[in-house]
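Here is how the chains run, residue by residue.
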Amino acid sequence: MAGPRDAAVTVVGGGAIGTAVAYFLASEGWEDVQLLEAGLVGGGTSSQAAGFVGQARPTVERARLAMASAKEYATFERRTGYPTDWREVGAVRIAMSETAEAELRVIAETARVTGLPVEFLSPEEVRRIYPVIERTSDIRIALWSPTDGYLQPTSLVNAYTQAARDLGVTFASHAPVLGIDVEHGAVTGLVTPQGRFATEMVVNAAGPWAGALARLVGIEMPVVPVLHEYFVTEPAPGWDASLPCLRIPEIQTYARGEMGCMLCGGFENKGTSLDPTEVRIGDALAVDPNWDVLGSFVSQLERFVPDATDLGVSTVFRGWPGFTPDGRFIVGPVSGLRGFVMAAGCNAHGVSGSAGIAMHLVESLLGDPSPYVRSLSPDRFLPRAWEWSQVRRQAQAVYENYYPMPQTAAS
Ligand SMILES: Cc1cc2nc3c(=O)[nH]c(=O)nc-3n(C[C@H](O)[C@H](O)[C@H](O)COP(=O)(O)OP(=O)(O)OC[C@H]3O[C@@H](n4cnc5c(N)ncnc54)[C@H](O)[C@@H]3O)c2cc1C
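Residues numbered from 1 in each chain as written. Predicted model: local features only at pLDDT ≥ 70, side-chain atom pairs only at ≥ 80, totals over all residues. Heavy atoms only, no water.

A. Highlighting the overall build of the protein. Assigned secondary structure in the protein consists of 10 helices and 20 strands. Computed over C-alpha atoms, the radius of gyration of the protein comes to 21 Å, within 12% of the 22 Å expected from 2.2 N^0.38 for 411 residues, which places it in the range of a compact globule. In terms of principal-axis extent, the alpha carbons of the protein reach across some 65 × 45 × 40 Å. Buried positions account for 57% of the 411 residues belonging to the protein. In the protein, of all internal contacts separated by at least 6 residues, the share reaching a separation of at least 24 is 78%. A total of about 16,100 Å² of accessible surface is found on the protein, and carbon and sulfur atoms cover 50% of it. A distance of 3 Å separates the average location of the 31 positive side-chain charges in the protein from that of its 45 negative side-chain charges. (Helix = DSSP H or I, 4+ residues; strand = E, 2+ residues; numbered from the N terminus. Rg over C-alpha atoms; globule rule 2.2 N^0.38 Å. Buried < 20%, exposed > 50% of the residue type's maximum accessible area, 1.4 Å probe, protein only. Contact = heavy atoms within 4.5 Å. Areas by Shrake-Rupley, 256 points an atom, 1.4 Å probe, with all protein chains shown as cover. Lys, Arg positive; Asp, Glu negative; His and termini not counted. Charge placed at Lys NZ, Arg CZ, Asp CG, Glu CD.)

Here it is in structure tokens:
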């Protein structure tokens, strides 16, 4: 792997979003692109993700972004030779109440507009598609999305990296960006432990550290790291890799099979966030598993899957995806500082949405981006004197309402 160098474009951060951006920039003809990563490429939040790629969404633009991404993952290996380990297993989303059913109907209507195939399932049909669900009395109705699926996030990052490298992008690990040079309102270079290098464009894809990186150029971006975790059990009968993705918003729990084991996680009602102003470049952001939270997901799941709590835990995955106070990605150039571009604020969609985010980023750098891409611009947050406790509360609320009801849908 090369070291940092002078480059026209520098992508900072080697997670799913940074590697996707590097690949899409190069495949759209951008030249002289490098990616700098503080640790190991793929070693950040992306290494912990569960890999769910959900396309059935309440809003049209988010659904389109997810569908465009899923298409990329399904065809990436054929086009580039590098596997994303995409599995089109489908997804089941269960409604337990009238309100949740209404939400499913909004999602189904959005799917109709975007052309995503979905159908409603009765409790008996859920049982047929998802045999480990033995208890169906709490199921009112479910939505089946047959073209949904999941991938292996490390495979995805690796695939983007290899494909980008084939297009001439260089990658440097252990190259934290510690300073950014600005002259006359434009980015001119950056500083790493290996030295100072010239660059005309910095793309901030630093995940939960994106706020710290933006601070290097005097910009306060509201990217709040919010804790998220799930676990994988010991081998569990019936939890094959071919089982569909399962989401039960009312108990805020998700599950799927992971090589013969059960993967189970969720979005708790009371999230935990870090003060973004205290996150520094290079902070490990390590955290112990919260067994109370993990235990609550699986005990809720027992309403559908008997004996789920009896399965022994093999591994806990956890990390701090960056959430924004409005629940939207931050994608595009900062108008007041030429050459400084954001690709952050994943809101825990950064693996599933990485391809779409990167495509939107490329679009934002061209002449006439769509209204949706414009709406993701970092300019919406600038200039702003943030009340940080409020920013944290709002970003946490986005996490806590990850499975949104229509009127609060993050887009
Ligand atoms: C437990 C868990 C489960 C999840 N499940 C899913 C899922 O099923 N589907 C989904 O879509 N999303 C999921 N997510 C969210 C997903 O992981 C994130 O949205 C995604 O990984 C964000 O990618 P990223 O590239 O922005 O961040 P990261 O992967 O964190 O990459 C950022 C990189 O930037 C580097 N960096 C930071 N500062 C600097 C600097 N100054 N110089 C150089 N490098 C720097 C870091 O070292 C890091 O490698 C999950 C997250 C967690 C924690």
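Back to the write-up after that little detour.
B. Inspection of the environment of Glu-278 at higher detail. Here Glu-278 is to be found in the loop between β16 (261–266) and α7 (291–301). Residue classification places Glu-278 among the exposed residues on the basis of a relative accessible area of 55%.

C. Focus on the UniProt feature "domain: FAD dependent oxidoreductase" (unreviewed entry) in the protein. UniProt feature "domain: FAD dependent oxidoreductase" (unreviewed entry): in the numbering of this structure it lies at residues 9–363. Taken end to end, residues 9–363 is 28% helix and 26% strand, and its first and last C-alpha atoms sit 16 Å apart. (UniProt positions renumbered as here; feature names shortened; annotations may be inferred.)

D. Molecular detail of the sheet that holds strand β4 (residues 91–95). Pairing in this open sheet of 8 strands is mixed, and the strands run β5-β6-β4-β14-β15-β16-β13-β17 from one edge to the other. Both outer strands of the open sheet, β5 (119–121) and β17 (313–319), are each paired with one neighbouring strand and no more. When the angles between neighbouring strand axes are averaged without regard to direction, this sheet yields 20°. Inspection of the sheet shows β4 paired to strand β14 (residues 245–248) by 3 bridges, in the parallel sense. Across the sheet, the residue bridging to Arg-93 is Arg-247, located in β14. (Pairing = 2+ DSSP bridges. Axes fitted to C-alpha atoms, helices over the stretch in contact; angles between N-to-C directions.)

E. Spatial organisation of the domain arrangement of the protein. Domain boundaries assigned for the protein yield domain 1 (7–48 + 153–224 + 324–394) and domain 2 (87–149 + 226–318). The C-alpha centroid of domain 2 is placed 29 Å from the C-alpha centroid of domain 1. Taken together, the contacts link 16 residues of domain 1 with 18 residues of domain 2. When the two sides are added together, the surface that domain 1 and domain 2 hide from each other amounts to roughly 1,400 Å², 60% of it contributed by carbon and sulfur. Broken down residue by residue, the surface that domain 1 buries against domain 2 is led by Gln-48, Trp-209 and Arg-392, which jointly contribute 44%. Here domain 1 is connected to domain 2 by 0 salt bridges. Inspection of the domain 1/domain 2 interface yields 6 residue pairs in polar contact (both at pLDDT 80 or more). Elements represented by at least two residues in the side of domain 1 that touches domain 2 include exactly α6 (210–215) and α10 (388–400). If you tally residues by element for the side of domain 1 that touches domain 2, the top one is α6, at 3 residues. Classifying every residue of the side of domain 1 that touches domain 2 by side-chain character gives 12 nonpolar, 2 polar and 2 charged. (Domains from an automatic or database assignment. Buried area = accessible area lost by both parts, 1.4 Å probe. Salt bridge = Lys/Arg side-chain N within 4 Å of Asp/Glu carboxyl O. Polar contact = N/O pair within 3.5 Å; in protein donor to acceptor, adjacent residues only side chain to side chain. Nonpolar A, V, L, I, M, F, W, Y, C, P; charged D, E, K, R; others polar.)

F. A look at the nonpolar core. Membership of the largest hydrophobic core comes to 49 residues, with the highest contact counts inside it found for Ile-180, Ile-219, Met-221, Tyr-254, Phe-340 and Met-342. Elements with a contribution of two residues or more to this core: β10 (186–192), β11 (195–204), α6, β13 (228–235), β16, β20 (340–344) and α10. The dominant element in this core, judged by the number of residues it contributes, is α10, at 5 residues. In this structure, this core is formed jointly by two domains, domain 1 (7–48 + 153–224 + 324–394) and domain 2 (87–149 + 226–318), each of which donates at least three residues. Ignoring anything within four residues of it in the chain, the contact list for Ile-180 reads Val-187, Gly-189, Leu-190, Val-202, Leu-213, Leu-216, Val-217 and Phe-340. Formed by 45 residues, the second largest nonpolar core is a distinct cluster that contains Tyr-23, Trp-86, Val-203 and Leu-376. (Core = buried A, V, L, I, M, F, W, Y, C linked by side-chain atoms within 4.5 Å.)

G. Fine view of the packing of helix α1 (residues 16–27) against helix α8 (residues 354–365). Running from N to C, α1 and α8 point in directions that differ by 50°, and their axes come no closer than 8 Å. One way to sum up the angle between α1 and α8 is to call them oblique. Crossing hand, α1 versus α8: right-handed. Residues Ala-16, Ile-17, Ala-20, Val-21, Phe-24 and Leu-25 of α1 form the contact with α8, whose own contacting residues are Ser-354, Ala-355, Ile-357, Ala-358, Met-359, Leu-361, Val-362 and Leu-365. When grouped by side-chain class, the residues that make up the contact of α1 with α8 number 13 nonpolar, 1 polar and no charged. (Parallel < 35°, antiparallel > 145°, perpendicular 65-115°, else oblique. Left-handed = near helix turned anticlockwise from the far one by under 90°.)

H. Structural view of the site of the ligand. As a structural note, the neighbourhood of the ligand is formed by 41 residues, with Glu-37, Thr-45, Ser-46, Gly-350 and Ser-352 the closest of them. Val-177 is positioned such that a nitrogen or oxygen atom in its backbone is 2.9 Å from a nitrogen atom of the ligand. Look at the ligand: alone it shows 1,000 Å² of surface, and the protein chains cover 97% of it. Contributions of two or more residues to the shell around the ligand are made by α1, β13 and β17. For the shell around the ligand, the per-class residue count stands at 23 nonpolar, 15 polar and 3 charged. Both of domain 1 (7–48 + 153–224 + 324–394) and domain 2 (87–149 + 226–318) provide at least three residues apiece to the shell around the ligand. (Near = heavy atom within 4 Å.)

I. Representation of the state of the cysteines. Scanning the model with the defined rule gives 0 disulfides in all. With no disulfide partner, Cys-261 has as its closest neighbouring cysteine sulfur the one in Cys-264, 13 Å distant. Of the residues examined, Cys-261 reaches a relative accessible area of 12% and is grouped as buried. By relative accessible area, which is 0% here, Cys-264 ends up buried. (Disulfide = S-S within 2.5 Å.)

J. Inspection of the side chain of Arg-93 at higher detail. In this fold, Arg-93 is placed in strand β4. Setting aside residues no more than four positions away along its own chain, Arg-93 makes contact with Ala-56, Glu-103, Leu-104, Ile-107, Ile-141, Ala-142, Leu-143, Arg-247, Pro-249 and Tyr-403.

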